[in-house]
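Architecture at a glance
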Amino acid sequence: MLKNILIALVLIGFGVIFYDLFMVYEAKTELTDLAHYYAKNGANEIGGANLVTSIVVTYRGFDTLGEVTILFVAASIISFFLKLKEDEEEKVIGSKDTTELLVTASQVLVPLIFLFGVYVFMNGHLTPGGGFQGGSIIATGVALMIMANPNFKINTQIIHWIESISGVAFVFAGVLGVLLGGGFLDNTFKGLGVGEFGTLFSAGVIPIIYSFVGLKVGAEISNILNKYQKSQKSI
Amino acid sequence: MVTPIYIVATGLGVGFAIGILKKFGKNFTGALVLAALAFMTFISFQWFYGLHYGSEVATYVYTAGFKPPFSINLLMGQYESIASLMINAIGLLGGIYMFNSLKARGSDAQVVYLILIMAMNVLVMTRDIFNLFVFLEIVSIAIAGVILLEKSDRSMSAGFKYILASGIISTILLLGIVFAYYLTGTLNIDDFVGISLNTYKGGGLVIFLMMMAAILELKPFPANGWGLDLYEGADPGISAIISGASATASLFVLYKIMAFAGAEWNYYVALIGIITFVGSNFFGIVQENTRRMLGYSSIGQIGLLMVVLGFKDVLGDSTPFILFGLLISHYLAKAGLFWLSGIIKAKDLKEWSVIRKHPYFLFLMGTFVFALIGFPPFPSFFSKFNFVLLLTETGNIAWVIAILAGSMLEAIYLFRWFGYAVKSENSHIEKNKVCLHKSIPIWIMALALYGFSYYTSLSNPWSIAINFIPLAFVALLFVLDFLPVYIKNSLSILGMAYYFYLVYPQLDNMRLIFEVIFIVGGILTLIAGFAYKGTRPGFHAVALLMFAGLTAIIEAKTTLEFFFGWELMTAGSYFLIIRGKRSMTHALSYMMFSIGGAYALLAAFGISNVGQINLDLNQIGHISYLSTWAYALLILGFLTKTASVGLHIWLPGAHGEAESDVSPMVSAILLKAGVFGLVLTLIAMNGSDSQWSNLAYALGWLGAITALSGNLMAVFQEDAKRLLAYSSIGQLGYIVFALAMMTHLGWLTAFTYSINHFMYKAILFLTIGAVVLRVGTHDMYKMGGLIARMPMAFIAVLIGIIALSGVPPLSGFAGKWLFYNAVMEKGWYFQGIIIFFSGGLAFLYLWRLIHTIFLGQLKDNHRNVKDISIWFAIPVYILIGGIMVFSVRPDWVLQPLGNMLSPFFPTGQLNWDHSYAYTTLGYWSGTNVFITIVILFLIVFGILALSTRKAHKLKQFDITYSGEKPFRPETTHVAWNVFAGFYKAVWPATIPLVAKFWDYVTDFFHDGAGFTRRIYSGNGQAYMMHILYFIIITYIVIIGG
Amino acid sequence: MEYITLGHMSLLLGISLTVIGFWGILTQKNIIKIILSFTIADAGVNIVIVSLGYVVGKTAPIIDNAVVQEAGRNVSASVVDPIPQALVLTSIVIGFGVTALMLAFAMKMFTAKKTLDINQFNELKW
């Protein structure tokens, strides 16, 4: 009982703090200076139609590197945390049979999902979307495959290669920025040109970087899913 | 210069690449991770070096080719380079330490570890608040991951609780950040510093949210249960990283946010810090689990650093010195201790005795413990000293009290732990296996600690005068510890003699007297050390450490030097005392009283600086603010060393249980350090405008009561060494009383007693100690009749007790005579009667030393004992010579003493006419008294010798028993329970009220902490509730609801 | 507050979700439910972030034909603030990573004790 009162008091307290925060808010009619700069010059400096992508990949590329790292760290931790003992590796996950519908649909849908994912990350600089979104979409395909067949074996070797190479490529591109451009993760490589606005091959190396990010995210999430799937063997 | 961005690039690049490279095996990836960490360390080191020596300037690193605020930038400045170097260095060493445990978990774990270290670097360097958030999350997740290196349910639930807590914290931080952006339109920290967020509507709230997150990352008390579980549940290697690197990074985050939070936050940061410091250490005293205790200590230390940060405006230019001094000491020492706890697999504190099976680890542990508590020569000592001084200078005395109280609590549990390690039973525990790669990082930390100690003392203008030569000599002796006793002993004696030769011309007469007691006395007692065989591990280094401290007090010109010496002496004597057989608890209580006393001194030195910083030791003669309090604190501090009643409970055990040649060191010599301190204080007080007469009056009563109770307790002792120990309490009571009179005669008495007590107590302790070595017991009733076997000892004890009891002809009488003159002149009749009565009591126990030990029946098992070792006899007889000289020609000593005291007390001197000393009350000639008594003695002795020539010599067994075999044979000894009747008369006075009082205090703290720490219920939800309540309460306090 | 805008409404929604999330975090005993409560709170914060980037009457920051462009593809007059949207992307990914890790913990904790009651994981205390 006392505990409930305490919880209620906490929530009321936070209600008050958040109410104060809410009262700070006034609807904006103008962009902030920073946003104004991006909106004004983003298209020219970066060449991407999607301003959010320009910010994510270029202006705040260092954050994005951090994001990728977070996923990577989470995936790595889960890999060694949920690692199976040798004798468990060969176990078969016992579950009810999956429905015919799911199995058939997955066979049809998975290639489409993968394709869609690739499309999303490759066009991240033009349309809503990008590496994370595309990568997640790819991972949903993997999820679907696992749902359809709980004992489905994912080729982890490939996942690791994709993950590793795209990660190294991202960092390498960043270092190239130090050597050639104006600083770490300077993806425009001044002089390389930004391409024709609005087309796939525009916005400098954003599509390339975002593809790496997409592949890496897809691989990482798939890796996590794979570990989740396998860890059922230990229960 | 390699740009710091390569720290990130290396960490991430190698981390990502390991996905492919893992097929080369875990050893390869492990080595690769170490190589990456080494390169990162190298980068931060070269920046540190460049920035520190001015060949580089603070440099911004831009990303994405745009200038901030449009892109994220990093800063590598001087502080950043230090923090980054600390993080990378501990990362590298920790990586070496944990090489096997990381390997066992595979390349994924190695990668997580690498990225953890990398991300903490970014936390330090980034100048973008959102980027800071991102990397804070990386750190949190990675920490939650590396906890799992230890495969147990405990570490798993600790990790989960940690994720829950950091999840809440990051929610708060994120809200703060986005609202900060909403208000200001920037995310760049430098922009925040430029504009004042507080002036925006709602800016205060936004700052509040960010500050809360930054503070909560530092695990403030009491919203830190998850942090404690983390320390306890994680692999010790990881705990070291959390305590060393993560805390450093988090502190840096707080520092960055404080830069734009506004000055009004300083106070609250300091407040939360001090609550954390005191609270954590309070709970620490009831911990039995090593790692959790270290966790409490870590959190407490970070709290202290928060206090420093909170006072950064007050401390001004000294802030970095104080902050980094404390931080570095904590960083190195705590990492070392956590790593040790990983090798010494002892969960319970008591099991740490196994560390004695690795003597060098014991040395390392001692180094770390003393560094944590802030003993010299470690950087934390200088930092704490400066911190306290600057705080009192600006009038923040309540803060000083809280800081010292917290430090005291921390000292209690760390020294208890150390005591277990040094003393408790260890035969049942198996020795641990030690891998080289685990012990090397610990050694590096310890060596770095010593290196920084030297560097710190050089970099501080106040401490540059400190004389490190004695310390270097101590270190040399430690290194040579493997040599046999006779070499080390000779070396020690030669070293001390040479040092005395160097120092004595620089000293005034008063200091010279004490220096002679300390150093010449030290040499004499060291001679007795030749009686020991083997290597006697550790003895010489710690004994010399004590003497180094003692001479440093004498030579001190500044309060810092004095305090430095005082703490060295305390440390050395602690080690000497704890060497005794059953002295674990006594050494601990000695240490606690000493530290308490030292903190009283520190506070007093601080108060003497109010309004100005003046480290000159003479400054205590010109205290303008709260002067009575300052003198009271100084006196209190010194009384802990003289063991005045109330503060004496450590002495009987400590002196009684110490080794035979250590007892005289700590009794005859060490106690005089307190006297010296009192002398300095009272001289200063006498010369100042302070209203000190009440203080002196109180001190006089205290001395009188001490004299009475010390002697009274001595009467009932069956243990010869404890008897002498209690007698010391009584004798020091006389000295304190005499000093308190604040007259010329009173002080003359005090000095006479100091010199006498040094000589006869050294004689008695050395002789009795030597006897104990022969007969193997302290209990007097187990001895008897030893006069036949040990005539040399008998004569020494006889002379010793004659001198001590103050009867003519020996020098004790000079003291007594002066004493009664002084008392009558002063008019303290009532106290004088108490003192007189105490003197009578002294006969009751002194008689027993001769009667019980040397007269009566020789015990069967002592039939073949030899006389005391010649090495003990030499110093004893030298001292007897000293007593004789003093007795025959007291004027040789008393006249110069009188001249020395005249500047302080110009009236009421002793007038000398050849050997006759006159006061207003009468006269006395030591020489004539001596000659008369000796002639009388010889006459009586001659008559007796002649008249008993034909007497029948009775053999021991020429007696008749009544045929009974006594149930307890010792009860038939004449000395057994000899004072039963007397006891009936005085028993109410012998109830150990003081000991009971201190027991009560201890229990109060122990039970209090034991009860309140239950808020750490171990439940993850409860911990989150603590965090949320912490935020709400702080909100009410700061924003005002 | 003179008039209620879309920004106000979504901000209110975000804040409410956060408080609801906190409620769940503090009251639920089942670890999975606690994790879900965390994701609710995260979602709330994310909505708050997006709301703060809202500019009355403006559209998404993607330069296409739907957006009024000035010279040099300057769209500053017609789009909402893109920065919170970039931040929220990062925040979502972080939330994802944390959730994934928490789920892994939940799985292992269940394997260890065959229960998901958080009160059963109190080994370390005091």
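See the structure printed just above.
This section reports on the structure supplied with the text. (Residues numbered from 1 in each chain as written. Chains lettered and ligands numbered in written order. Predicted model: local features only at pLDDT ≥ 70, side-chain atom pairs only at ≥ 80, totals over all residues.)

**Quick word on the packing of helix 20 (residues 469-479) of chain B against helix 21 (residues 485-503) of chain B**
Residues and elements named next belong to chain B. In plain terms, the rule: Working convention: axes come from line fits to C-alpha atoms, limited for helices to the stretch in contact. Angles between N-to-C directions cover 0 to 180 degrees. Helix and strand assignments follow DSSP, with helices taken as H or I runs no shorter than four residues and strands as E runs no shorter than two, numbered in order from the N terminus. These descriptions rest on fixed angle ranges, namely under 35 degrees for roughly parallel, over 145 for roughly antiparallel, 65 to 115 for roughly perpendicular, and the rest for oblique. Each residue is represented by a C-beta atom placed from its backbone, and any two residues with such atoms within 7 Å are regarded as in contact. Here the term charged refers only to Asp, Glu, Lys and Arg, the term nonpolar to Ala, Val, Leu, Ile, Met, Phe, Trp, Tyr, Cys and Pro, and the term polar to all other amino acids, Gly among them.
Where helix 20 meets helix 21, the closest approach of the two axes is 11 Å, and the angle between their N-to-C directions is 175°. One element, helix 20, and the other, helix 21, form an angle in the roughly antiparallel class. On helix 21, the residues touching Pro470, Phe473 and Leu477 of helix 20 are Lys488, Leu491, Ser492, Gly495 and Tyr499. Partitioning the contact of helix 20 with helix 21 into residue classes produces five nonpolar, two polar and one charged.

**Topic: the sheet that holds strand 5 (residues 923-925) of chain B**
Residue and element names in this part refer to chain B. As a reminder of what qualifies: DSSP bridges decide pairing: two strands pair if at least two such bridges lie between them.
Pairing is antiparallel across the open sheet formed by three strands, whose spatial order is 3-4-5. Each end of this open sheet is capped by a strand with a single partner; those strands are strand 3 (911-913) and strand 5. Within the sheet, the average angular offset between the axes of one strand and its neighbour, ignoring direction, is 25°. Direction of pairing for strand 4 (residues 916-918) relative to strand 5: antiparallel, over a ladder of three bridges. Note that in strand 5 the partner of Tyr916 across the bridge is Ser925.

**Some points on the nonpolar core**
This is how the line gets drawn: Nonpolar cores are identified as sets of buried Ala, Val, Leu, Ile, Met, Phe, Trp, Tyr and Cys residues joined via C-beta atoms within 7 Å. Residue burial here comes from a neighbour count, namely the number of other C-beta atoms, placed from the backbone, that lie within 10 Å of the residue's own C-beta, with 20 or more meaning buried, 12 or fewer meaning exposed, and in between meaning partly exposed.
By size, the foremost hydrophobic cluster in this structure holds 521 residues, and its most contacted members are B:Leu123 and C:Leu101. Discounting residues that sit within four places of it in the chain, C:Leu101 has contacts with A:Ala74, A:Ile77, A:Ile78, B:Ile141, B:Ala144 and B:Ile163.

**Examining the interface of chain C and chain A**
Where the parts come together, the accessible area they lose is often given as the size of the interface. If you look at the interface, chain C gives 41 residues, while chain A gives 44 residues. At the level of secondary structure, the elements contributing two or more residues to the side of chain C that touches chain A comprise helix 1 (6-27) and helix 3 (82-113) of chain C. Top contributing element to the side of chain C that touches chain A by residue count: helix 3 of chain C, with 15 residues. Within the side of chain C that touches chain A, the residues separate by chemical class into 25 nonpolar, twelve polar and four charged.

**Let's talk about the interface of chain A and chain B**
The interface is formed by 50 residues belonging to chain A together with 46 residues belonging to chain B. When residues of the side of chain A that touches chain B are traced back to their parent elements, those giving at least two are helix 1 (2-24), helix 2 (33-46), helix 3 (51-59), helix 4 (61-81) and helix 8 (156-180) of chain A. Looking at which element gives the most residues to the side of chain A that touches chain B, the answer is helix 4 of chain A, with 15 residues.

**Section: unusual backbone geometry**
Residue and element names in this part refer to chain B. Of the consecutive residues Pro68 and Pro69, the connecting peptide bond is found in the cis state with omega at 10°. With respect to the secondary-structure elements, Pro69 resides in the loop between strand 1 (59-62) and strand 2 (73-76). Here Pro376 and Pro377 are connected by a cis peptide whose omega angle stands at 0°. Checked against the element boundaries, Pro377 lands in the loop between helix 16 (359-373) and helix 17 (379-393). With a phi close to 55°, Met742 is a non-glycine residue in the positive phi region. Inspection of the secondary structure assignment puts Met742 in the loop between helix 30 (720-740) and helix 31 (744-775).

**So, the packing of helix 16 of chain B against helix 18 (residues 397-423) of chain B**
All names here are of chain B. Where helix 16 contacts helix 18, the two axes come as close as 10 Å, and the packing angle between them is 170°. With respect to helix 18, the axis of helix 16 lies roughly antiparallel. In this structure, helix 16 contributes Leu362, Met365, Gly366, Val369, Leu372 and Ile373 to the contact, and helix 18 contributes Ser407, Glu410, Ala411, Leu414, Phe418 and Ala421. Each residue belonging to the contact of helix 16 with helix 18 can be placed in one class, and the counts come to nine nonpolar, two polar and one charged.

**Some points on helix 27 (residues 650-657) of chain B**
All names here are of chain B. The buried fraction of helix 27 amounts to eight of the eight residues, a majority that puts the element mostly inside the structure. Buried residues of helix 27: Trp650, Leu651, Pro652, Gly653, Ala654, His655, Gly656 and Glu657, and no others. The inward-facing, buried residues of helix 27 abut helix 24 (559-578), helix 25 (584-607), helix 28 (662-687) and helix 30.

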